Amino acid sequence: MRLITQELPVENNPSNGIREAPPPGQDSLIARGLQKEQYVAISVLAVIVFIAIGIFSRRVEYAILFAVILSAILIAFFLFI
């Protein structure tokens, strides 16, 4: 088996190279300015699901409401200990 031993050309221009970290304040993977819309959409979706469940079964609605309130209380309790 014959291997190529020739070295690859290296460019002196660092702008074409791979950077390990993006410049501070310019992270392109974070969607800035969309958080408020996402929170509103999630809240509306949760209300719609809650209403749809309430139409079919009042007991399930109360169980979900109890679980959400209990979870919120426990989260607040463990955060402020």
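Our structure is the block above this text.
Let me begin by describing the structure that accompanies this report. (Residues numbered from 1 in each chain as written. Predicted model: local features only at pLDDT ≥ 70, side-chain atom pairs only at ≥ 80, totals over all residues. Heavy atoms only, no water.)

### Some words on the overall build of the protein chain
Point 1. Along its length, the protein chain carries 2 helices and 0 strands.
Point 2. Entry remark: accessible area of the protein chain is about 8400 Å², with carbon and sulfur atoms responsible for 67%. (Helix = DSSP H or I, 4+ residues; strand = E, 2+ residues; numbered from the N terminus. Areas by Shrake-Rupley, 256 points an atom, 1.4 Å probe, with all protein chains shown as cover.)

### What to know about a nonpolar patch on the surface
Point 1. Together, Phe-66, Leu-70, Leu-74, Phe-77, Phe-78 and Ile-81 line one region of the surface with nonpolar side chains, adding up to about 690 Å² of accessible area.
Point 2. Checked against the element boundaries, Leu-70 lands in helix α2 (residues 58–79). (Patch = residues over 30% accessible without salt bridge, like charges linked within 9 Å, V, L, I, M, F, W, Y side chains within 5 Å. Salt bridge = Lys/Arg side-chain N within 4 Å of Asp/Glu carboxyl O.)

### Examining the pattern of salt bridges
Point 1. Tallied over the entire structure, the rule returns 1 salt bridge.
Point 2. Linking Glu-61 and Arg-58 is a salt bridge whose minimum nitrogen-to-oxygen distance equals 2.8 Å. With Glu-61 and Arg-58 both in helix α2, this residue pair falls 3 residues apart, about one helical turn.

### Brief notes about the packing of helix α1 (residues 35–56) against α2
Point 1. For the pair α1 and α2, interaxial distance at closest approach is 6 Å and the crossing angle is 140°. Here α1 is positioned oblique relative to α2, judged by the angle of their axes. Two secondary-structure elements touch here, α1 through Phe-50, Ile-53, Gly-54 and Phe-56 and α2 through Arg-58, Val-60, Glu-61, Ile-64 and Leu-65.
Point 2. Residues that form the contact of α1 with α2 fall into these classes: 6 nonpolar, 1 polar and 2 charged. (Axes fitted to C-alpha atoms, helices over the stretch in contact; angles between N-to-C directions. Parallel < 35°, antiparallel > 145°, perpendicular 65-115°, else oblique. Contact = heavy atoms within 4.5 Å. Nonpolar A, V, L, I, M, F, W, Y, C, P; charged D, E, K, R; others polar.)

### Focus: the packing of aromatic side chains
Point 1. One pass over the structure, following the stated rule, counts 1 aromatic pair.
Point 2. On the numbers, 5.3 Å between centres and 70° between planes, the contact of Phe-77 with Phe-78 is edge-to-face.
Point 3. Classification of Phe-78 by relative accessible area gives exposed; the value is 58%. (Phe/Tyr/Trp six-rings, centres within 6.5 Å; stacked < 30°, edge-to-face > 60°. Buried < 20%, exposed > 50% of the residue type's maximum accessible area, 1.4 Å probe, protein only.)

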